[in-house]
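Chain residues, written in single-letter form:
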Amino acid sequence: MDFIDYYKTLEIDKSASQADIKKAYRKLARKLHPDLNPNDKTAQHKFQQINEANEVLSDPEKRKKYDQYGKDWQHADAFEQSRQQQQQAGGGFGGFGGGRSYTSGGQGFDDSQFSDFFESMFGGGGGGFRQGGGQRRTTQFKGQDMNATLRLNLTDTLKNQKQTISIGEKKIRLTIPAGVEDGQTIRIKGYGGEGMNGGPKGDLFITFEILNDTSFKRLESDLYTQQEISLYTALLGGEITVDTLDGKVKLKVKPETQNDTKVKLKGKGLPKYKKDGQYGDLYITYKITMPTKLSKEEKELFTQLSKLR
Amino acid sequence: MGNEKYILVSHFVERSNIEVDFVQSLHEYGLVAFEERENEIFIDEGDISEIERLFRLHHDLGINYEGLDVIKQMLERMHRMEREMDLLQKRLRLYE
């Protein structure tokens, strides 16, 4: 556990006035507030740090103790003993830890989220620091949202999937709708951290990582693939067999088909997310393969063909 | 209107400790929609986390209603751009 320089955290001098502290805190809070920096854990951590610094420095009594003993927090016990002796003797200055309640302006953090250094100096749990009461209002806050990642194969997204996931000691049964996309996040209400001051629990956000176990490329509910066709099929037309996610299908190739021609197989893509019975399309790009190792006869025929043009 | 989707504003403010005036002001500034039925005012359950977020910004940072409107719009725009960027990245991968 290291000493935390709260002045440095708030980017102010030790001689800063209460107005300077308030100004510095508000400036940093506007920059780092979690609601303005969603999914940015660094900003959230820094926001906690500036809250802690503000908690101490904006309270003249805490600030006085911090300035006096901050760097010597390891000796808090000794100070506490000394304080108790002084109190028994009928006077003196209130010291560290237990027995005394402090009020706070109720930022969105539980005291358990403060650093060990803070807990050591100002007490935690049933000790020195409590939210609410006093002149400032107590606000209920929703618990912290939690994030988890779930990996699925692309072929698993063809149908609704029932899965059980473990979050800590809790097991959650989930029905994952067909067609869920890579990087998509779903919210499960009330499965996050505990609320504060009786506030509701946070939510659990599950982000899906979809591993493509097929030869198709995916864009939303549509699939893309390339299909090689022979020069003769491209020129004269014909029938080919192509793979789709639910088996092989026969496809007619029009005569004089050009290289890179794209055809659409309607409804042969992935199911559309939360749209029962609706599917994306499969796009096939034809790649014409040129014959190689031509025989003498073939060369002659191609020469004849070329002369016809 | 399904009962499971809308909740009474009075129930919400009671449970959340957010002042009714704040919710009323959000409505006046067009930041939250009300559903009125039989002289009762409801809010969409899906708007609750947004109201809580706006309250935190108002309470923690002292942002006024005009500021909340700007932030809401900017965040929505940011999320749209993130989604668009994600889609473009996926499109690019088709050519890899």
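Quick caveat: nothing in here was measured; it's all calculated off a predicted structure.

**What about the overall build of chain B?**
Helix and strand counts for chain B come out as four helices and three strands. Residues classed as buried in chain B amount to 18% of the 96 residues present. A separation of at least 24 residues holds for 58% of the contacts in chain B among residues at least 6 apart in sequence.

**A few points about the overall build of chain A**
When you go through chain A residue by residue, the secondary structure sums to eight helices and 11 strands. For chain A, the residues scored as buried account for 23% of the 309 residues in total. Contacts in chain A between residues far apart in sequence, at least 24 positions, make up 57% of those at least 6 positions apart.

**Brief notes about the packing of helix α2 (residues 20-28) of chain B against helix α3 (residues 48-61) of chain B**
Residue and element names in this part refer to chain B. Remark: α2 packs on α3, axes separated minimally by 11 Å, with the N-to-C direction vectors making an angle of 105°. Regarding the angle of α2 to α3, the classification is roughly perpendicular. Contacts between α2 and α3 involve Phe 22, Val 23 and Leu 26 on the former and, on the latter, Ile 51, Leu 54, Phe 55 and His 58. Across the contact of α2 with α3, the residue classes break down as six nonpolar, one polar and no charged.

**Notes on helix α8 (residues 296-308) of chain A**
The first and last C-alpha atoms of α8(A) sit 19 Å apart over 13 residues, in line with the 18 Å expected at 1.5 Å per residue. When you tally the buried positions in α8(A), you get zero out of 13 residues, a small fraction of the element.

**Observations concerning the environment of A:Val249**
All names here are of chain A. Looking at the element boundaries, Val 249 is found in strand β9 (residues 247-253). C-alpha of Val 249 to C-alpha of Leu 265: the two residues are 16 residues apart in sequence and 9.7 Å apart in space. Among residues more than four places away in sequence, those in contact with Val 249 are Val 242, Thr 244 and Leu 265.

**Concerning the interface of chain A and chain B**
Interface size is often expressed as the accessible area that is lost when the parts come together. Residue-level contacts link 15 residues of chain A with 15 residues of chain B. Considering each element in turn, the side of chain A that touches chain B owes the most residues, three residues, to helix α2 (residues 18-32) of chain A. For the side of chain A that touches chain B, the residue count by class is four nonpolar, six polar and five charged.

**A closer look at the sheet that holds strand β10 (residues 262-265) of chain A**
Residue and element names in this part refer to chain A. The sheet built from four strands is open, its strands ordered β6-β7-β11-β10 with mixed pairing. Only two strands of the sheet have a single partner each, and these edge strands are β6 (217-219) and β10. This sheet shows a mean twist of 30° between the axes of neighbouring strands, independent of strand direction. Two elements, β6 and strand β7 (residues 222-230), share three bridges in a ladder whose sense is antiparallel. Within β7, the position partnered with Lys 217 by the bridge is Tyr 224.

**Let's talk about the nonpolar core**
If you look at the biggest cluster of nonpolar residues, it comprises 15 residues, and the most contacted ones within it are A:Tyr6, A:Leu10, A:Tyr25, A:Leu28, A:Ile50, A:Ala53 and A:Leu57. Sorting the residues of this core by element identifies α1 (6-9), α2 and α3 (41-57) of chain A as the ones contributing at least two each. Residues in contact with A:Leu28, not counting those within four places in the same chain, are A:Leu10 and A:Ile50. Judged by nonpolar contacts, the second largest core, of 12 residues, contains B:Val23, B:Val32, B:Ile51 and B:Leu54.

**Considerations on the confidence of the model for chain A**
Residues and elements named next belong to chain A. Mean pLDDT over chain A: 79, with 78% of residues reaching 70 or higher. Across residues 88-112, confidence stays below pLDDT 50; counting only partners more than four residues off in sequence or on other chains, it has 55 contacts. Scored below 50 in pLDDT, residues 125-137 shows 32 contacts in the model against residues more than four places distant or in partner chains.

**Let's talk about the pairing of strand β3 (residues 170-176) of chain A**
Residue and element names in this part refer to chain A. Burial analysis of β3 places just zero of its seven residues in the buried class, which makes it a mostly uncovered element. Summarising the sheet, strand β2 (residues 161-167) and β3 pair through seven bridges and their orientation is antiparallel. Among the inter-strand pairings, Ser 166 is bridged to a residue of β3, identified as Lys 171. Count of turn residues in the β2/β3 antiparallel hairpin: two residues, of which Gly 168 carries a positive phi of about 60°.

**Comments concerning unusual backbone geometry**
Residue and element names in this part refer to chain A. Positive phi, close to 60°, is recorded for Glu 256, a residue that is not glycine. Along the polypeptide, Glu 256 turns up in the loop between β9 and β10. Its identity is not glycine, yet Asp 260 carries a phi of approximately 70°, on the positive side. By the secondary structure assignment, Asp 260 is in the loop between β9 and β10.

**Brief notes about helix α1 (residues 9-16) of chain B**
All names here are of chain B. Of all the residues in α1, the buried ones are Val 9, Phe 12 and Ser 16. Burial along α1 is one-sided: seen end-on, the buried residues are contained in an arc of 60°. Pointing more than 90 degrees away from the buried face of α1 are the exposed residues His 11 and Glu 14. Just beyond α1, the residue with positive phi is Asn 17, at close to 65°.

**Observations concerning the sheet that holds strand β5 (residues 204-211) of chain A**
All names here are of chain A. A sheet is described by the order of its strands in space; here three strands give the open sequence β1-β5-β4, paired in mixed fashion. Each having just a single partner strand, β1 (146-153) and β4 (185-188) make up the two edges of the open sheet. On average, adjacent strands in this sheet sit at an angle of 30° to one another, irrespective of strand direction. With four bridges connecting them, β4 and β5 associate as antiparallel partners. Of the residues in β5, the one forming a bridge with Ile 186 is Ile 206.

About the thresholds
- As a convention, each chain's residues are numbered from 1 in the sequence order in which they are written.
- Labels follow written order: the first chain is A, the first ligand is 1, and so on.
- Residue-level local features of this predicted model are given only where pLDDT is at least 70; pairs of side-chain atoms are given and counted only at 80 or more, and the full residue set underlies all totals for whole chains, interfaces and linings.
- Helical segments are the DSSP runs of H or I of at least four residues, strand segments are the runs of E of at least two, and each set is numbered from the N terminus.
- Residue burial here comes from a neighbour count, namely the number of other C-beta atoms, placed from the backbone, that lie within 10 Å of the residue's own C-beta, with 20 or more meaning buried, 12 or fewer meaning exposed, and in between meaning partly exposed.
- A residue pair is marked as a contact if its C-beta atoms, positioned from the backbone, fall within 7 Å.
- Between N-to-C directions, angles span 0 to 180 degrees; the directions come from axes that are lines fitted to C-alpha atoms, helices contributing only their stretch in contact.
- Oblique is the label for every angle not falling under 35 degrees (roughly parallel), over 145 degrees (roughly antiparallel), or within 65 to 115 degrees (roughly perpendicular).
- Each residue gets one of three labels, nonpolar for Ala, Val, Leu, Ile, Met, Phe, Trp, Tyr, Cys and Pro, charged for Asp, Glu, Lys and Arg, and polar for the others, Gly among them.
- Any helix carries an expected span of 1.5 Å times its number of residues minus one.
- If DSSP finds at least two bridges between two strands, the strands pair.
- Nonpolar cores are identified as sets of buried Ala, Val, Leu, Ile, Met, Phe, Trp, Tyr and Cys residues joined via C-beta atoms within 7 Å.
- On a range of 0 to 100, pLDDT expresses the predictor's confidence in each residue.
- Each C-beta atom gives one direction from the helix axis, and the arc is the one those directions make.

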